[in-house]
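# Observations on the model geometry
The primary structure of each chain is shown beneath.
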Amino acid sequence: MRDALLDEWHPIAASEELPEGEVLAASLLGQELALWRGEGGVHAWPDLCLHRGARLSLGKVAQSCLRCPYHGWTYSEEGQCVAIPAHPGVRPPQRAHILPFPAMERYGAIWVSLGTCPGNPPSFPEWDDLSLAKTRCGPYRVNASAPRLLENFLDVGHLPIVHQGILGDPRRPEIPAYRVERRPEGGWIAADIPVWQPDPDGSGQAQTVSYTYEILRPLAARFQKTGEGKKRYGILAAVHPIGPRESALWMWHFWDPEKGATAEEIRAHQERVFAQDRPVVESQRPELLPLDLQVELHLPSDRLAIAYRRWLAELGVGFGTA
């Protein structure tokens, strides 16, 4: 079965990591990639020269072409070999053509798909909303499968235990009943889950906030929470599946500037929160997320995770799952 994750967009590098003329090595779903930027934009290629298999990520960009570090085979932005230094008078054969993967820039990151071009990356309307402040946190590289990592992002029940003193209190761990419904555009939504938090946004002010979670894509989700005065705060999260048991979590935060928080404070707050998540997620067994609901026990507070696992099975996601 063709894995559904092949036809998804995945964030794999920050735009600032790849200035024009640079080459960057990356890995996605076990596929080694060479990322580079030419006059036509960003490119994602198999990290393999067609001649003798050298890594193109060790090569150089010159005149908007990528040159292999081994024998100097030179490829145009379209992937066609245009020069072979050892035979300057020979026109390279047409089959000396690298097949590129779809790549684009969005939200300050480079997104790549290993399959057919699947439209656009996950929707993030707040990115263009000038009334909101925004910053990126991460990526946080983790020894865990990508679905495990995203499920942790969706898990409201762990907030009072793992993040006590910040996002919850073990003396007030109750999670009220909530509904999970399909989104018309695909995915799932669980709206208006009340959670008492001693420090929900890093300001030190305790309050009951309302969470709304949305699963947008197999490895992308978002939440928005509102507190006193209906001030908005939320996160778009997308997981980069590096290998079956290695992932990177990208998070774009948005918030009402009237909160008075700076981007540096938001990032410091997120660093503190994720430092609590990391050891727990890396400890989970089985390492691959089980889609058979009989493998683990479930509670009403796990409704969103149950919907997520069923949806992954329905879509045909095998990478990072069991």
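Structural data are supplied above this passage.
Being a predicted model, the structure only gives us computed values, none of them experimental. Every chain begins its residue count from 1, and numbering advances along the sequence as written. At least 70 in pLDDT is required for a residue's local features to be given in this predicted model, at least 80 for side-chain atom pairs to be given and counted, and no such filter applies to totals for whole chains, interfaces and linings, which use all residues. Computation of side-chain values covers all heavy atoms of the structure but excludes hydrogens and water.

Before going further, it helps to examine the nonpolar core. Leu35, Val112, Tyr211 and Tyr213 are the most contacted members of the largest nonpolar core, which totals 62 residues. Ignoring anything within four residues of it in the chain, the contact list for valine 112 reads Glu8, Trp9, His10, Ile12, Leu28, Leu33, Leu35, Ala44, Phe101, Pro102 and Ala103. Put simply, a nonpolar core is a bunch of buried Ala, Val, Leu, Ile, Met, Phe, Trp, Tyr and Cys residues held in one set by side-chain atoms that sit within 4.5 Å of each other. Burial status follows relative accessibility: with a 1.4 Å probe on protein chains alone, a residue under 20% of its type maximum counts as buried, one over 50% as exposed, and anything between as partly exposed. With 17 residues, the next largest nonpolar core counts Ala109, Leu236, Trp250 and Trp252 among its residues. Residues count as neighbours in contact if any of their non-hydrogen atoms are within 4.5 Å of one another.

As a further point, take the pattern of salt bridges. Pairing is possible between side chains that carry opposite charge, provided their charged atoms lie close to one another. Counted as salt bridges are all cases of a side-chain nitrogen of Lys or Arg within 4 Å of a carboxyl oxygen of Asp or Glu. Summed over the entire model, instances satisfying the criterion amount to 21 salt bridges. We note a salt bridge from arginine 232 to glutamate 126, for which the minimum N-O separation is 3.4 Å. A residue pair is termed long-range when its members are at least 10 positions apart, and arginine 232 in strand E16 (residues 232-243) and glutamate 126 in the loop between strand E10 (109-112) and strand E11 (133-142) qualify at 106 residues. Its relative accessible area of 28% is what places arginine 232 among the partly exposed residues. For glutamate 126, a relative accessible area of 4% puts it in the buried group. Between arginine 182 and glutamate 314 there is a salt bridge whose closest N-O contact spans 2.9 Å. Runs of E in the DSSP output that reach at least two residues are strands. Runs of H or I that reach at least four are helices, and both are numbered from the N terminus.

Now for the sheet that holds strand E9 (residues 103-106). Here a strand pair is declared whenever DSSP counts at least two bridges between the two strands. In space, the 3 strands of this open sheet follow the order E1-E10-E9, with antiparallel pairing throughout. The open sheet is flanked by strand E1 (10-14) and E9, the only strands paired with a single partner. The sheet shows a mean angle of 35° between the axes of neighbouring strands, direction not considered. As judged from the 4 bridges shared by E9 and E10, these two strands associate in the antiparallel manner. Among the inter-strand pairings, alanine 103 is bridged to a residue of E10, identified as valine 112. Helix axes are fitted to C-alpha atoms over the stretch in contact, other axes to C-alpha atoms as well, and angles between N-to-C directions run from 0 to 180 degrees.

On to the packing of aromatic side chains, then. Pairs were defined over the aromatic rings of Phe, Tyr and Trp, the Trp ring being its six-membered one, requiring ring centres within 6.5 Å. Orientation was assigned from the angle between planes: stacked under 30 degrees, edge-to-face over 60, tilted for the rest. Scanning the entire structure with this criterion turns up 15 aromatic pairs. Ring centres 6.1 Å apart and planes at 80° place the aromatic pair tryptophan 45 and tyrosine 75 in the edge-to-face group. On the criterion of sequence distance, the pair formed by tryptophan 45 in strand E4 (residues 41-46) and tyrosine 75 in strand E7 (residues 74-75) is long-range, its members being 30 residues apart. There is no split in this pair, since tryptophan 45 and tyrosine 75 are both buried. Ring plane angle 85° and centroid distance 6.1 Å describe the contact between tyrosine 107 and tryptophan 111, whose orientation is recorded as edge-to-face. Relative accessible area serves as the criterion here: at 8%, tyrosine 107 is assigned to the buried category. Three or more aromatic residues link up through ring pairs in this structure, and these residues are Tyr107, Trp111, Phe124, Trp127, Trp250, Trp252 and Phe254.

What follows covers the sheet that holds E7. In space, the 4 strands of this open sheet follow the order E5-E6-E7-E8, with antiparallel pairing throughout. Because the sheet does not close on itself, it has two edges, and the strands there are strand E5 (60-62) and strand E8 (81-83).

Relative to the elements of secondary structure, threonine 212 occurs in strand E14 (residues 207-217). By relative accessible area, threonine 212 is classed as buried at 18%. Within 3.5 Å is the distance limit for a polar contact, defined as a pair of N or O atoms, with the added protein rule that one can donate a hydrogen and the other accept it, and that residues adjacent in sequence qualify only through two side-chain atoms. A polar contact of 3.2 Å, which involves the side chain of threonine 212, links it to the backbone nitrogen of aspartate 192. Among all residues touching threonine 212, those that are not within four sequence positions of it are Ile189, Ala190, Ala191, Asp192, Arg222, Phe223 and Gln224.

A separate point is the environment of tyrosine 233. Among the secondary structure elements, tyrosine 233 is positioned in strand E16. Judged by relative accessible area, tyrosine 233 falls into the buried class, the value being 4%. Here the alpha-carbon distance between tyrosine 233 and valine 112, two residues 121 residues apart in the chain, equals 28 Å. The residues contacting tyrosine 233, other than those within four sequence positions of it, are Phe223, Gln224, Lys225, His253, Phe254, Trp255, Lys259, Ile266 and His269.

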